[in-house]
Amino acid sequence: MIHRKKERRWCRWGNYIQQNKLQQQTKWYLVDYLSSEGERLEKSGREWRWLRHDSITIRGNQWYRHKEQRGGYSIEFVKCFYGVSFKEAMKRLHTFVHS
């Protein structure tokens, strides 16, 4: 019984690792995606600032929220700020890339 609990935790952790690797491998550039969604961005050195949330900077497929000291990749961004599931975020980004 103890072995099963550990096994379940590993499955959840393994799923998390797979999603994280997938996010790193996908090169959906957030600036292009946000622009296509009608969001306003401002160039700031090598990064972009999202004008809706001034503490968020974007570079390539990565974002960082300075106020909360956290960030991530494109999929996590869409999940956090558009309030959708992992699957829906993938669908939105995939649709954007292939439109």
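Residues numbered from 1 in each chain as written. Predicted model: local features only at pLDDT ≥ 70, side-chain atom pairs only at ≥ 80, totals over all residues. Heavy atoms only, no water.

Trainee: An account of the overall build of the protein is needed here, citing residue identities and associated values.
Mentor: Of the regular secondary structure elements, the protein holds four helices and five strands. The helix and strand sequence of the protein, counted from the amino end, reads α-α-β-β-β-β-β-α-α. Residue burial in the protein is summarised as follows: out of 99 residues, 30% are buried. Restricting to contacts in the protein with at least 6 residues of sequence separation, those with at least 24 account for 40%. Counting every atom, the protein has about 7,200 Å² of accessible surface; 49% of that belongs to carbon and sulfur. (Helix = DSSP H or I, 4+ residues; strand = E, 2+ residues; numbered from the N terminus. Buried < 20%, exposed > 50% of the residue type's maximum accessible area, 1.4 Å probe, protein only. Contact = heavy atoms within 4.5 Å. Areas by Shrake-Rupley, 256 points an atom, 1.4 Å probe, with all protein chains shown as cover.)

Trainee: Give a description of the confidence of the model for the protein that names residues and reports values.
Mentor: Across the protein, the average pLDDT comes to 79, with 72% of residues at 70 or higher. Predicted confidence for residues 1–13 stays below pLDDT 50, and this span has zero contacts to residues more than four positions away or in other chains. (pLDDT = per-residue confidence, 0-100.)

Trainee: Give me the pairing of strand E5 (residues 70–73): which residues, what numbers.
Mentor: Inspection of the sheet shows strand E4 (residues 62–65) paired to E5 by four bridges, in the antiparallel sense. Of the residues in E5, the one forming a bridge with Gln-62 is Tyr-73. In this structure, the hairpin formed by E4 and E5 is closed by a connection of four residues, where Gln-69 is found at a positive phi of approximately 55°. (Pairing = 2+ DSSP bridges.)

Trainee: I'd like a description of the pattern of salt bridges, backed by residues and values.
Mentor: Scanning the entire structure with this criterion turns up six salt bridges. The closest approach of N and O atoms between Glu-68 and Arg-65, which form a salt bridge, is 3.7 Å. Using a relative accessible area of 13% as the deciding quantity, one classes Arg-65 as buried. In this structure, Glu-88 and Arg-92 form a salt bridge, with 3.6 Å as the shortest nitrogen-oxygen distance. Of this pair, Glu-88 and Arg-92 both sit in helix H4 (residues 86–97), four residues apart, which is roughly one turn of the helix. Take Glu-88: its relative accessible area is 30%, and that puts it in the partly exposed class. Since its relative accessible area comes to 28%, Arg-92 is described here as partly exposed. Within this structure, Arg-65, Glu-68 and Arg-70 form a network of salt bridges that share partners. (Salt bridge = Lys/Arg side-chain N within 4 Å of Asp/Glu carboxyl O.)

Trainee: Could you give me a rundown of the sheet that holds E4, with the residues and numbers involved?
Mentor: Taken in spatial order, the five strands of this open sheet run E1-E2-E3-E4-E5, and their pairing is antiparallel. Looking at the sheet topology across the chains shown, the edges are occupied by strand E1 (41–44) and E5. Between one strand and the next, the sheet's axes are offset by a mean angle of 25°, whatever the strand orientation. (Axes fitted to C-alpha atoms, helices over the stretch in contact; angles between N-to-C directions.)

Trainee: Let's hear about unusual backbone geometry: which residues, and what values?
Mentor: In this model, Gln-69 sits at a positive phi of 55°, which is unusual for a non-glycine residue. Within the element layout of this structure, Gln-69 appears in the loop between E4 and E5.

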